[in-house]
Amino acid sequence: MTPPESLTMSFPSGDRPLDNYQFTFESYLTDSDRIEADVSYHFPNDVSENERVEEQYEILKMVMDGRLHLAPFSRDHPPRKVLDIATGTGNWAIEMGDLYPEAEIIGTDLSPIQPSFVPPNVRFFVEDSSDDWDYPSEFDFIHTRMTISCWSDMKTQIIQRAFDHLRPGGWLECQEAPATIDCDDGTMPDDYAWLRWSLDFQAVSRLANRQSEIGPYLKDWMREVGFVDVQEVTFKLPLNGWPKDPRLKHIGMLWQRNLLEGVSAFSLGMFHRFMGKSVEEIELSLVDVRKCLFDRSVHAYHRLYVVFGRKPETA
Ligand SMILES: C[S@@+](CC[C@H](N)C(=O)[O-])C[C@H]1O[C@@H](n2cnc3c(N)ncnc32)[C@H](O)[C@@H]1O
(Lines give C-alpha, C1' and ligand atoms only; values in the text may rest on other atoms or scores of the structure.)
Protein backbone atom coordinates (compact mmCIF):
# COMPACT_ATOMS: atom_id res chain seq x y z
CA MET A 1 0.00 0.00 0.00
CA THR A 2 1.33 3.45 -0.86
CA PRO A 3 1.19 5.56 2.30
CA PRO A 4 -0.58 8.89 1.93
CA GLU A 5 1.31 12.12 2.25
CA SER A 6 2.89 12.52 5.70
CA LEU A 7 1.36 15.08 8.03
CA THR A 8 3.07 17.70 10.13
CA MET A 9 1.29 17.96 13.48
CA SER A 10 1.56 19.94 16.66
CA PHE A 11 0.23 18.30 19.81
CA PRO A 12 -2.40 20.51 21.52
CA SER A 13 -1.63 19.59 25.14
CA GLY A 14 1.83 21.08 24.79
CA ASP A 15 3.49 18.46 26.99
CA ARG A 16 5.17 16.85 24.01
CA PRO A 17 6.58 19.32 21.52
CA LEU A 18 5.93 17.67 18.21
CA ASP A 19 6.28 20.52 15.76
CA ASN A 20 7.84 19.23 12.56
CA TYR A 21 7.22 15.66 13.68
CA GLN A 22 6.60 13.63 10.55
CA PHE A 23 3.91 11.02 11.08
CA THR A 24 1.58 9.12 8.79
CA PHE A 25 -1.62 8.47 10.68
CA GLU A 26 -3.67 7.41 7.71
CA SER A 27 -1.57 4.32 7.13
CA TYR A 28 -2.85 2.94 10.44
CA LEU A 29 -6.55 3.41 9.76
CA THR A 30 -8.22 1.87 6.76
CA ASP A 31 -11.94 2.34 6.17
CA SER A 32 -12.79 -0.89 7.96
CA ASP A 33 -10.91 0.30 11.07
CA ARG A 34 -12.82 3.57 11.56
CA ILE A 35 -13.86 4.10 15.13
CA GLU A 36 -17.57 3.48 15.56
CA ALA A 37 -19.61 4.80 18.44
CA ASP A 38 -21.96 2.83 20.65
CA VAL A 39 -20.53 -0.66 20.43
CA SER A 40 -20.16 -3.31 23.09
CA TYR A 41 -16.69 -4.57 22.11
CA HIS A 42 -14.14 -1.78 21.91
CA PHE A 43 -11.52 -3.42 19.73
CA PRO A 44 -11.62 -4.01 15.97
CA ASN A 45 -12.50 -7.34 14.37
CA ASP A 46 -10.94 -6.49 11.03
CA VAL A 47 -8.57 -8.58 8.92
CA SER A 48 -5.32 -7.32 10.46
CA GLU A 49 -6.59 -7.66 14.04
CA ASN A 50 -7.91 -11.14 13.31
CA GLU A 51 -4.49 -12.12 11.95
CA ARG A 52 -2.88 -10.76 15.11
CA VAL A 53 -5.33 -12.69 17.30
CA GLU A 54 -4.49 -15.87 15.37
CA GLU A 55 -0.76 -15.28 15.97
CA GLN A 56 -1.56 -14.62 19.62
CA TYR A 57 -3.40 -17.94 19.69
CA GLU A 58 -0.28 -19.77 18.42
CA ILE A 59 1.98 -17.99 20.94
CA LEU A 60 -0.26 -18.92 23.88
CA LYS A 61 -0.39 -22.52 22.67
CA MET A 62 3.41 -22.54 22.52
CA VAL A 63 3.59 -21.12 26.05
CA MET A 64 1.33 -23.97 27.20
CA ASP A 65 3.57 -26.55 25.48
CA GLY A 66 1.01 -27.21 22.76
CA ARG A 67 -1.79 -28.03 25.19
CA LEU A 68 -5.23 -26.59 24.42
CA HIS A 69 -6.34 -26.85 28.06
CA LEU A 70 -5.16 -27.92 31.50
CA ALA A 71 -8.55 -29.20 32.74
CA PRO A 72 -8.36 -32.99 33.14
CA PHE A 73 -9.70 -34.15 29.77
CA SER A 74 -7.75 -36.41 27.44
CA ARG A 75 -8.34 -38.65 24.42
CA ASP A 76 -9.12 -41.45 26.89
CA HIS A 77 -11.42 -39.18 28.84
CA PRO A 78 -12.79 -36.73 26.27
CA PRO A 79 -15.38 -34.05 26.93
CA ARG A 80 -18.74 -34.63 25.27
CA LYS A 81 -20.06 -31.11 24.86
CA VAL A 82 -17.80 -28.06 24.83
CA LEU A 83 -18.59 -24.33 24.75
CA ASP A 84 -15.99 -21.71 23.77
CA ILE A 85 -17.20 -18.26 24.84
CA ALA A 86 -15.94 -15.32 22.70
CA THR A 87 -14.32 -17.77 20.32
CA GLY A 88 -12.96 -15.06 17.96
CA THR A 89 -11.70 -16.66 14.77
CA GLY A 90 -12.53 -20.03 16.32
CA ASN A 91 -9.08 -21.67 16.29
CA TRP A 92 -9.40 -23.16 19.77
CA ALA A 93 -12.83 -24.61 18.98
CA ILE A 94 -11.63 -26.04 15.66
CA GLU A 95 -8.54 -27.65 17.20
CA MET A 96 -10.68 -29.04 20.04
CA GLY A 97 -12.96 -30.53 17.36
CA ASP A 98 -9.96 -32.27 15.76
CA LEU A 99 -8.55 -33.42 19.11
CA TYR A 100 -11.87 -34.83 20.34
CA PRO A 101 -13.78 -36.01 17.24
CA GLU A 102 -16.50 -37.59 19.39
CA ALA A 103 -17.23 -34.29 21.18
CA GLU A 104 -19.64 -31.58 20.06
CA ILE A 105 -17.91 -28.17 20.11
CA ILE A 106 -19.83 -24.88 20.06
CA GLY A 107 -18.12 -21.51 19.70
CA THR A 108 -19.95 -18.23 20.23
CA ASP A 109 -18.91 -14.65 19.52
CA LEU A 110 -20.38 -11.21 18.91
CA SER A 111 -18.89 -11.27 15.41
CA PRO A 112 -19.31 -13.84 12.63
CA ILE A 113 -15.56 -13.98 11.92
CA GLN A 114 -15.20 -17.77 12.07
CA PRO A 115 -14.39 -19.84 8.97
CA SER A 116 -17.16 -21.93 7.40
CA PHE A 117 -14.89 -24.89 6.54
CA VAL A 118 -14.61 -26.57 9.95
CA PRO A 119 -14.66 -30.11 11.38
CA PRO A 120 -18.17 -31.61 11.30
CA ASN A 121 -18.42 -31.59 15.11
CA VAL A 122 -17.79 -27.80 15.40
CA ARG A 123 -20.49 -25.12 15.13
CA PHE A 124 -20.41 -21.38 15.60
CA PHE A 125 -23.16 -18.99 16.69
CA VAL A 126 -23.29 -15.22 16.94
CA GLU A 127 -24.18 -14.30 20.49
CA ASP A 128 -23.61 -11.63 23.11
CA SER A 129 -22.46 -13.72 26.06
CA SER A 130 -23.03 -10.88 28.51
CA ASP A 131 -26.77 -11.46 27.90
CA ASP A 132 -28.64 -14.47 29.26
CA TRP A 133 -27.46 -17.76 27.75
CA ASP A 134 -30.25 -19.52 25.96
CA TYR A 135 -28.74 -23.00 25.55
CA PRO A 136 -30.97 -26.09 25.60
CA SER A 137 -28.45 -28.53 27.07
CA GLU A 138 -25.62 -28.81 29.54
CA PHE A 139 -21.91 -28.71 28.77
CA ASP A 140 -19.10 -30.62 30.38
CA PHE A 141 -16.39 -28.12 29.41
CA ILE A 142 -16.66 -24.31 29.05
CA HIS A 143 -13.68 -22.21 28.03
CA THR A 144 -12.65 -18.56 27.66
CA ARG A 145 -9.38 -17.14 26.37
CA MET A 146 -8.10 -13.57 26.15
CA THR A 147 -11.39 -11.83 26.87
CA ILE A 148 -9.70 -8.86 28.53
CA SER A 149 -12.00 -5.80 28.65
CA CYS A 150 -14.96 -7.75 27.17
CA TRP A 151 -17.07 -7.98 30.34
CA SER A 152 -18.32 -5.50 32.92
CA ASP A 153 -18.49 -8.28 35.53
CA MET A 154 -16.88 -11.56 34.53
CA LYS A 155 -17.93 -13.26 37.75
CA THR A 156 -21.68 -12.80 37.23
CA GLN A 157 -21.77 -12.58 33.44
CA ILE A 158 -19.54 -15.55 32.61
CA ILE A 159 -18.40 -17.60 35.61
CA GLN A 160 -21.81 -17.85 37.28
CA ARG A 161 -23.51 -18.60 33.96
CA ALA A 162 -20.88 -21.21 33.13
CA PHE A 163 -21.57 -22.84 36.49
CA ASP A 164 -25.30 -22.88 35.74
CA HIS A 165 -24.77 -24.38 32.26
CA LEU A 166 -22.26 -27.08 33.20
CA ARG A 167 -23.47 -30.51 34.11
CA PRO A 168 -22.37 -31.69 37.58
CA GLY A 169 -18.71 -32.72 37.35
CA GLY A 170 -18.09 -30.40 34.34
CA TRP A 171 -15.14 -27.98 34.12
CA LEU A 172 -14.67 -24.28 33.41
CA GLU A 173 -11.24 -23.13 32.22
CA CYS A 174 -10.28 -19.47 31.69
CA GLN A 175 -7.00 -18.52 30.02
CA GLU A 176 -6.57 -14.80 30.58
CA ALA A 177 -3.67 -12.30 30.67
CA PRO A 178 -4.23 -8.94 32.39
CA ALA A 179 -2.96 -5.66 30.94
CA THR A 180 -0.60 -5.27 33.93
CA ILE A 181 3.04 -6.15 33.40
CA ASP A 182 5.42 -7.62 35.98
CA CYS A 183 9.17 -7.56 36.47
CA ASP A 184 11.04 -9.69 39.04
CA ASP A 185 14.50 -8.16 39.08
CA GLY A 186 13.97 -4.38 39.41
CA THR A 187 15.01 -3.61 35.81
CA MET A 188 11.68 -1.93 34.95
CA PRO A 189 11.71 1.81 35.75
CA ASP A 190 8.53 3.44 37.06
CA ASP A 191 8.28 5.49 33.87
CA TYR A 192 8.63 2.50 31.51
CA ALA A 193 6.30 3.48 28.66
CA TRP A 194 4.47 0.15 28.43
CA LEU A 195 3.83 0.27 32.20
CA ARG A 196 2.36 3.78 31.83
CA TRP A 197 0.26 2.60 28.89
CA SER A 198 -1.05 -0.40 30.85
CA LEU A 199 -2.09 1.86 33.74
CA ASP A 200 -3.88 4.16 31.26
CA PHE A 201 -5.51 1.11 29.70
CA GLN A 202 -6.78 -0.04 33.10
CA ALA A 203 -8.15 3.46 33.77
CA VAL A 204 -9.90 3.68 30.41
CA SER A 205 -11.32 0.16 30.83
CA ARG A 206 -12.88 1.30 34.12
CA LEU A 207 -14.41 4.30 32.31
CA ALA A 208 -15.75 1.88 29.68
CA ASN A 209 -17.15 -0.37 32.42
CA ARG A 210 -14.99 -3.25 31.25
CA GLN A 211 -12.69 -5.38 33.43
CA SER A 212 -9.10 -5.46 32.18
CA GLU A 213 -7.51 -7.32 35.10
CA ILE A 214 -9.51 -10.51 35.25
CA GLY A 215 -6.67 -13.07 35.36
CA PRO A 216 -5.56 -12.61 39.00
CA TYR A 217 -9.15 -12.78 40.32
CA LEU A 218 -10.40 -15.85 38.44
CA LYS A 219 -9.46 -18.31 41.18
CA ASP A 220 -11.43 -16.43 43.86
CA TRP A 221 -14.41 -15.79 41.57
CA MET A 222 -14.64 -19.46 40.64
CA ARG A 223 -14.53 -20.56 44.29
CA GLU A 224 -17.11 -17.93 45.30
CA VAL A 225 -19.50 -19.15 42.61
CA GLY A 226 -19.18 -22.75 43.86
CA PHE A 227 -16.47 -24.41 41.74
CA VAL A 228 -14.24 -26.90 43.54
CA ASP A 229 -10.74 -28.28 42.82
CA VAL A 230 -9.86 -24.83 41.45
CA GLN A 231 -6.28 -24.65 40.21
CA GLU A 232 -4.29 -21.69 38.92
CA VAL A 233 -1.24 -22.11 36.68
CA THR A 234 0.64 -19.06 35.39
CA PHE A 235 2.99 -18.66 32.42
CA LYS A 236 5.35 -15.81 31.52
CA LEU A 237 5.04 -13.90 28.26
CA PRO A 238 8.24 -11.78 28.04
CA LEU A 239 7.75 -8.42 26.35
CA ASN A 240 10.70 -9.04 24.03
CA GLY A 241 13.69 -11.36 23.59
CA TRP A 242 15.29 -10.44 26.97
CA PRO A 243 15.30 -13.95 28.56
CA LYS A 244 18.48 -16.05 28.31
CA ASP A 245 16.48 -19.27 28.05
CA PRO A 246 16.16 -19.90 24.26
CA ARG A 247 12.53 -21.05 24.43
CA LEU A 248 11.38 -18.04 26.46
CA LYS A 249 13.51 -15.74 24.29
CA HIS A 250 11.73 -17.03 21.19
CA ILE A 251 8.32 -16.60 22.85
CA GLY A 252 9.32 -13.07 23.92
CA MET A 253 10.30 -12.11 20.37
CA LEU A 254 6.98 -13.39 19.02
CA TRP A 255 5.07 -11.65 21.81
CA GLN A 256 6.91 -8.37 21.14
CA ARG A 257 5.86 -8.50 17.48
CA ASN A 258 2.29 -9.28 18.46
CA LEU A 259 2.14 -6.34 20.87
CA LEU A 260 3.67 -4.00 18.29
CA GLU A 261 1.01 -5.09 15.81
CA GLY A 262 -1.83 -4.87 18.34
CA VAL A 263 -1.23 -1.77 20.40
CA SER A 264 -3.13 0.53 18.03
CA ALA A 265 -6.10 -1.84 18.06
CA PHE A 266 -6.03 -2.02 21.87
CA SER A 267 -5.92 1.76 22.16
CA LEU A 268 -7.87 3.53 19.42
CA GLY A 269 -11.48 2.71 20.29
CA MET A 270 -11.06 2.88 24.06
CA PHE A 271 -8.99 6.07 24.34
CA HIS A 272 -11.09 7.83 21.70
CA ARG A 273 -14.50 6.94 23.11
CA PHE A 274 -13.77 7.20 26.81
CA MET A 275 -10.94 9.73 27.07
CA GLY A 276 -11.89 11.90 24.10
CA LYS A 277 -8.47 11.53 22.45
CA SER A 278 -8.13 11.99 18.72
CA VAL A 279 -6.64 9.26 16.57
CA GLU A 280 -3.60 11.45 16.03
CA GLU A 281 -3.08 12.01 19.77
CA ILE A 282 -3.38 8.31 20.46
CA GLU A 283 -0.93 7.28 17.75
CA LEU A 284 1.59 9.88 18.88
CA SER A 285 1.35 8.67 22.47
CA LEU A 286 2.09 5.15 21.23
CA VAL A 287 5.46 6.08 19.71
CA ASP A 288 7.30 5.69 23.04
CA VAL A 289 5.16 2.68 23.96
CA ARG A 290 6.31 0.87 20.84
CA LYS A 291 9.90 2.07 21.23
CA CYS A 292 10.27 0.72 24.77
CA LEU A 293 9.46 -2.78 23.55
CA PHE A 294 12.92 -2.86 21.93
CA ASP A 295 14.76 -2.29 25.23
CA ARG A 296 16.07 -5.68 26.34
CA SER A 297 17.57 -4.27 29.54
CA VAL A 298 14.02 -4.17 30.98
CA HIS A 299 12.94 -7.68 31.99
CA ALA A 300 9.18 -7.18 31.91
CA TYR A 301 6.53 -9.76 31.13
CA HIS A 302 2.79 -10.37 30.97
CA ARG A 303 1.44 -13.19 33.07
CA LEU A 304 -0.98 -15.65 31.49
CA TYR A 305 -3.38 -17.09 34.09
CA VAL A 306 -4.86 -20.49 33.31
CA VAL A 307 -7.49 -21.22 35.94
CA PHE A 308 -9.78 -24.25 35.93
CA GLY A 309 -12.36 -25.59 38.34
CA ARG A 310 -15.01 -28.30 38.59
CA LYS A 311 -18.73 -28.01 39.27
CA PRO A 312 -19.44 -30.36 42.20
CA GLU A 313 -21.33 -33.57 41.44
CA THR A 314 -23.92 -32.52 44.00
CA ALA A 315 -24.59 -29.03 42.57
C1 LIG B 1 -9.19 -10.97 21.68
S2 LIG B 1 -10.49 -11.87 20.98
C3 LIG B 1 -10.13 -13.49 21.61
C4 LIG B 1 -10.70 -14.56 20.75
C5 LIG B 1 -10.36 -16.00 21.14
N6 LIG B 1 -10.94 -16.37 22.43
C7 LIG B 1 -8.89 -16.26 21.10
O8 LIG B 1 -8.28 -16.51 22.16
O9 LIG B 1 -8.32 -16.22 20.01
C10 LIG B 1 -11.92 -11.41 21.94
C11 LIG B 1 -13.22 -11.83 21.30
O12 LIG B 1 -14.28 -11.57 22.23
C13 LIG B 1 -15.46 -11.29 21.49
N14 LIG B 1 -16.42 -10.65 22.38
C15 LIG B 1 -16.31 -9.46 22.99
N16 LIG B 1 -17.38 -9.18 23.74
C17 LIG B 1 -18.23 -10.25 23.59
C18 LIG B 1 -19.53 -10.55 24.09
N19 LIG B 1 -20.18 -9.69 24.89
N20 LIG B 1 -20.10 -11.72 23.72
C21 LIG B 1 -19.46 -12.58 22.90
N22 LIG B 1 -18.22 -12.34 22.38
C23 LIG B 1 -17.62 -11.18 22.72
C24 LIG B 1 -14.93 -10.40 20.38
O25 LIG B 1 -15.82 -10.33 19.28
C26 LIG B 1 -13.59 -11.08 20.04
O27 LIG B 1 -13.73 -11.97 18.96
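- With an unreviewed UniProt entry as reference, the chain is termed Methyltransferase domain-containing protein, source organism Thermothielavioides terrestris.

### Some points on the overall build of the chain
Working step 1: Each helix and strand in the chain was counted, giving 7 helices and 10 strands.
Working step 2: Looking at the 315 residues of the chain, the share that counts as buried comes to 39%.
Working step 3: Taking all contacts inside the chain whose residues are at least 6 apart in sequence as the whole, residues at least 24 apart take part in 70%.

### A few points about the nonpolar core
Working step 1: If you look at the biggest cluster of nonpolar residues, it comprises 69 residues, and the most contacted ones within it are Ile142, Ile159, Leu172, Trp194, Met222, Leu239 and Ala300.
Working step 2: It is helix α6 (residues 246-275) that provides the largest number of residues to this core, a total of 9 residues.

### Some words on the site of the ligand
Working step 1: Close to the ligand lie 19 residues; Ala86, Gly88, Ser129, Arg145 and Cys150 are nearest.
Working step 2: By residue class, the composition of the shell around the ligand is 7 nonpolar, 8 polar and 4 charged.

### Quick look at unusual backbone geometry
Working step 1: We note that Met146 has phi near 50°; this positive angle belongs to a residue other than glycine.
Working step 2: Looking at where Met146 falls in the secondary structure, it is placed in the loop between β6 (139-145) and α3 (154-165).
Working step 3: For Met146, a count of 18 C-beta atoms within 10 Å puts it in the partly exposed group.

### Side note on the pairing of strand β7 (residues 166-176)
Working step 1: The buried fraction of β7 amounts to 8 of the 11 residues, a majority that puts the element mostly inside the structure.
Working step 2: In terms of strand pairing, β6 meets β7 through 6 bridges, oriented parallel. Across the sheet, Arg145 pairs through a bridge with Gln175, a residue of β7.
Working step 3: Each parallel crossover has a hand, and the one from β6 via α3 to β7 is right-handed.
Working step 4: As paired elements, β7 and strand β10 (residues 300-310) share 6 bridges and run antiparallel to each other. Counterpart to Cys174 in the pairing with β10 is Val307.

### Digging into the environment of Gln175
Working step 1: Within the fold, Gln175 resides in strand β7.
Working step 2: Spatially, the C-alpha atom of Gln175 lies 9.3 Å from that of Thr234, the residues being 59 residues apart in sequence.

So, how was this worked out
Residues numbered from 1 in each chain as written. Predicted model: local features only at pLDDT ≥ 70, side-chain atom pairs only at ≥ 80, totals over all residues. Helix = DSSP H or I, 4+ residues; strand = E, 2+ residues; numbered from the N terminus. Buried ≥ 20, exposed ≤ 12 C-beta atoms within 10 Å, placed from the backbone. Contact = placed C-beta atoms within 7 Å. Core = buried A, V, L, I, M, F, W, Y, C linked by C-beta atoms within 7 Å. Near = placed C-beta within 6 Å. Nonpolar A, V, L, I, M, F, W, Y, C, P; charged D, E, K, R; others polar. Pairing = 2+ DSSP bridges. Right-handed = clockwise from strand over helix to strand, strands pointing away.

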